[in-house]
Amino acid sequence: MESYVATDNTSRSLIQRKRLAVFVSGEGSNFKAIHEAAKEGLVHGDITILVTDKPGCGGAEYARDKQIPVIIFPRSMSSPDAVSATELVATLRNFEVNFLLLAGFLKLIPVELVQAFPRSILNIHPSLLPAFSGKGFYGLKVHKAVIASGARYSGPTVHFVDERYDTGRIVAQRVVPVLADDTAEQLAARVLHQEHQLYVEVVSALCEDRIVWREDGVPLLCCRENPNKLLSSKNSGNNR
Ligand SMILES: Nc1nc2c(c(=O)[nH]1)N[C@@H](CN(C=O)c1ccc(C(=O)N[C@@H](CCC(=O)O)C(=O)O)cc1)CN2
Ligand SMILES: NCC(=O)N[C@@H]1O[C@H](COP(=O)([O-])[O-])[C@@H](O)[C@H]1O
């Protein structure tokens with residue numbers, strides 16, 4: 001590894017605390033998990049703005065309750081008062097946002113936003129990418145497709161966002177079993193439980209500058225206790 005990343009509490013206090021924008025379209029349980037982790041000190045950052053296409057969704061209600069500003073995006077016939085992509089970039093700059101976290105957001109992030117925040121937008125998807133991904137694969141539709149395929153394993157993927165749905169660089173995954181008598185709802189609940197842990201783990205690394213990029217463009221997580229160890233390397237405790 002080229003550079004040492006120190007993240008004990010003293011060293012962490014020397015790292016800039018990051019400013020986060022979270023994008024939701026539904027209940028926002030991943031948003032809530034990240035918000036709680038930030039309050040508990042597990043994430044070295046603050047959620048400074050919530051972006052949604054559904055102003056009445058659970059995630060937006062939670063944000064209002066926590067006095068987090070809510071921005072409606074994208075503009076559409078049903079949301080004429082929503083902001084445009086250009087206006088959203090300007091707003092995120094004004095809020096000095098460092099990273100964008102998609103958490104159940106169901107609209108395509110336009111290339112203008114992707115280019116404005118290079119290697120700075122994450123998404124969590126409820127399958128083991130690249131399987132079961134792309135347009136039409138969201139929410140229960142993903143889990144129904146997994147069950148119908150006969151796959152024995154599934155699980156969440158956290159990846160960087162590019163111009164297309166679910167094709168950005170994979171950062172981390174977790175595996176859960178698919179049981180023979182699983183309903184889509186039961187599988188969704190098992191995967192969601194792991195999503196909450198995985199997203200907090202990755203956002204924690206992101207905010208502590210513990211994501212390094214391999215020469216071939218693959219992002220890797222450095223261990224918090226020993227940042228010279230890669231979480232997915234042979235000598236990592238996680239892989240024994
Ligand atoms: N540029 C990107 N934008 C988004 C990504 C991405 O990887 N790149 N991820 C999605 C989240 N997502 C899967 O993780 C996803 C969300 C929604 C869809 C989809 O098919 N949406 C429907 C509209 C659904 C609705 O409005 O209710 C559609 O586009 O027809 C696929 C994948 C977030 N954005
Ligand atoms: N393809 C995108 C997609 O399906 N995202 C999924 O939507 C759910 C949102 O739950 P939440 O609103 O409770 O965080 C999560 O399971 C997330 O993986």
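You'll find the structure just up there.
All values reported here derive from a predicted model rather than from experimental measurement.

Some remarks on unusual backbone geometry
For step 1, the next point in the chain: Here the residue pair Phe 73 and Pro 74 is connected by a cis peptide bond, since its omega of 0 degrees sits within 30 degrees of zero.
For step 2, the next point in the chain: Checked against the element boundaries, Pro 74 lands in the loop between strand S3 (70-72) and helix H4 (85-94).
For step 3, the next point in the chain: Backbone geometry at Glu 96 places phi at a positive 55 degrees, although glycine is not the residue there.
For step 4, the next point in the chain: In this structure, Glu 96 sits in the loop between H4 and strand S4 (99-102).
For step 5, the next point in the chain: Residue Glu 96 is classed as exposed on the basis of its relative accessible area, which comes to 55%.
For step 6, the next point in the chain: Its identity is not glycine, yet Asp 166 carries a phi of approximately 65 degrees, on the positive side.
For step 7, the next point in the chain: Counting through the fold element by element, Asp 166 comes out in the loop between strand S7 (157-160) and strand S8 (170-173).

Describing the pattern of salt bridges
If charged atoms from side chains of opposite charge come close, those side chains can pair.
For step 1, the next point in the chain: A complete count under the given rule lists eleven salt bridges for this structure.
For step 2, the next point in the chain: With its nearest N and O atoms 2.6 Å apart, the salt bridge here joins Arg 224 to Glu 208. With Arg 224 in the segment after strand S11 (219-221) and Glu 208 in the loop between helix H7 (184-207) and strand S10 (211-213), the pair connects residues that are 16 residues apart, well separated along the chain.
For step 3, the next point in the chain: Owing to a relative accessible area of 25%, Arg 224 belongs among the partly exposed residues under this scheme.
For step 4, the next point in the chain: In the salt-bridge network here, residues are joined through shared partners; they are Glu 208, Arg 210 and Arg 224.

Analysis parameters
- Residues numbered from 1 in each chain as written.
- Chains lettered and ligands numbered in written order.
- Predicted model: local features only at pLDDT ≥ 70, side-chain atom pairs only at ≥ 80, totals over all residues.
- Heavy atoms only, no water.
- Helix = DSSP H or I, 4+ residues; strand = E, 2+ residues; numbered from the N terminus.
- Buried < 20%, exposed > 50% of the residue type's maximum accessible area, 1.4 Å probe, protein only.
- Salt bridge = Lys/Arg side-chain N within 4 Å of Asp/Glu carboxyl O.

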